[in-house]
Amino acid sequence: MDFTNRTDQGNELYYQAQCPPLTAPPLGHHVINTGKGRSVGTTITLQCPTKHLLVGDDLKCVMDTNTPRWVGEPFCKPLSLYKDAGFQVAVLASIVSVGVICIMSLVFITRCILGSVQKSARKKQKRNLWKWPLEDGMPYFDANLGDIILPSVIPDNFCDNRNG
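Residues numbered from 1 in each chain as written. Predicted model: local features only at pLDDT ≥ 70, side-chain atom pairs only at ≥ 80, totals over all residues. Heavy atoms only, no water.

### A closer look at the overall build of the protein chain
Right, so step 1: Counting its secondary structure elements, the protein chain contains two helices and ten strands.
Right, so step 2: The order of helices and strands in the protein chain, counted from the N terminus, is β-β-β-β-β-β-β-β-α-β-β-α.
Right, so step 3: Within the span of the protein chain, comprising 164 residues, buried residues form 16% of the whole.
Right, so step 4: For the protein chain, the proportion of contacts with a sequence separation of at least 24, taken over those separated by at least 6, is 25%. (Helix = DSSP H or I, 4+ residues; strand = E, 2+ residues; numbered from the N terminus. Buried < 20%, exposed > 50% of the residue type's maximum accessible area, 1.4 Å probe, protein only. Contact = heavy atoms within 4.5 Å.)

### A look at the environment of Gln47
Right, so step 1: Within the secondary structure layout, Gln47 lies in strand S4 (residues 43-47).
Right, so step 2: As a C-alpha pair, Gln47 and Pro74 span 27 residues in sequence and 9.7 Å in three-dimensional space.
Right, so step 3: The residues touching Gln47, leaving out its near neighbours within four places in the chain, are Gly28, His29, Val31 and Cys76.

### Let's talk about the sheet that holds strand S3 (residues 29-34)
Right, so step 1: The antiparallel open sheet is built from four strands, whose spatial order is S3-S4-S6-S7. Edge strands, defined here as strands with exactly one partner in the open sheet, are S3 and strand S7 (67-71). Strand after strand, the sheet turns through a mean of 30 degrees between neighbouring axes, direction not considered.
Right, so step 2: Note that S3 and S4 share five bridges and pair antiparallel. Of the residues in S4, the one forming a bridge with His30 is Leu46. (Pairing = 2+ DSSP bridges. Axes fitted to C-alpha atoms, helices over the stretch in contact; angles between N-to-C directions.)

### Topic: a nonpolar patch on the surface
Right, so step 1: A cluster of nonpolar side chains, Leu92, Val96, Val100 and Met104, forms an exposed patch at the surface whose accessible area comes to about 390 Å².
Right, so step 2: You can see Leu92 is positioned in helix H1 (residues 85-129). (Patch = residues over 30% accessible without salt bridge, like charges linked within 9 Å, V, L, I, M, F, W, Y side chains within 5 Å. Areas by Shrake-Rupley, 256 points an atom, 1.4 Å probe, with all protein chains shown as cover. Salt bridge = Lys/Arg side-chain N within 4 Å of Asp/Glu carboxyl O.)

### What to know about the state of the cysteines
Right, so step 1: The final tally for this structure, using the stated rule, is two disulfides.
Right, so step 2: With its sulfur 1.9 Å from that of its partner, Cys19 forms a disulfide with Cys61. Disulfide Cys19-Cys61: the torsion about the S-S bond is 100 degrees, which places it as right-handed. Taken together, the positions of Cys19 in the loop between strand S2 (12-18) and S3 and Cys61 in strand S6 (residues 59-64) put the pair 42 residues apart, joining distant regions of the chain. (Disulfide = S-S within 2.5 Å.)

### What about the confidence of the model for the protein chain?
Right, so step 1: Mean pLDDT over the protein chain: 76, with 65% of residues reaching 70 or higher.
Right, so step 2: Confidence drops under pLDDT 50 across residues 1-5; counting only partners more than four residues distant or on other chains, this segment forms 16 contacts. (pLDDT = per-residue confidence, 0-100.)

### As for the nonpolar core
Right, so step 1: Counting five residues, the largest nonpolar core is built from Cys19, Ile44, Leu59, Cys61 and Trp70.
Right, so step 2: Sequence-distant contacts of Leu59, defined by excluding residues within four places in its chain, comprise Leu22, His30, Thr42, Thr43, Ile44, Trp70, Val71, Gly72, Glu73 and Pro74. (Core = buried A, V, L, I, M, F, W, Y, C linked by side-chain atoms within 4.5 Å.)

This is the structure:
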């Protein structure tokens, strides 16, 4: 038993039992929560570095029969790259972003192609209409409106109305 921690209260000397010195942990460092370092009743927390997880409870200096001893075996465990919640969220967000970008790109390309095809078809239809004879029921191009007219029947006086 280590009686190096001695207190003088009045004329009487009191010796307090102490736990053996702690060795430095391989990862992290010790922080005293309560007590005087090694005296009975002291609790010590292990502070782990970033990207490490504390496993186990605080160290406690307790009196066991006639000998003080440390109870608890905390240690720092490295986090797996894939078990880090922030990493998982970042990967998920990246996958969702790539998916949204791909879908939006496909929609944009499809709309551009369809728009181009429809525009080309309208131009071709207008060119072909100039070749069609004006007969009853045939579509015709109205130059004033700039559009194709699809009447059910073209009026007989159509040409007369246009000139005058």
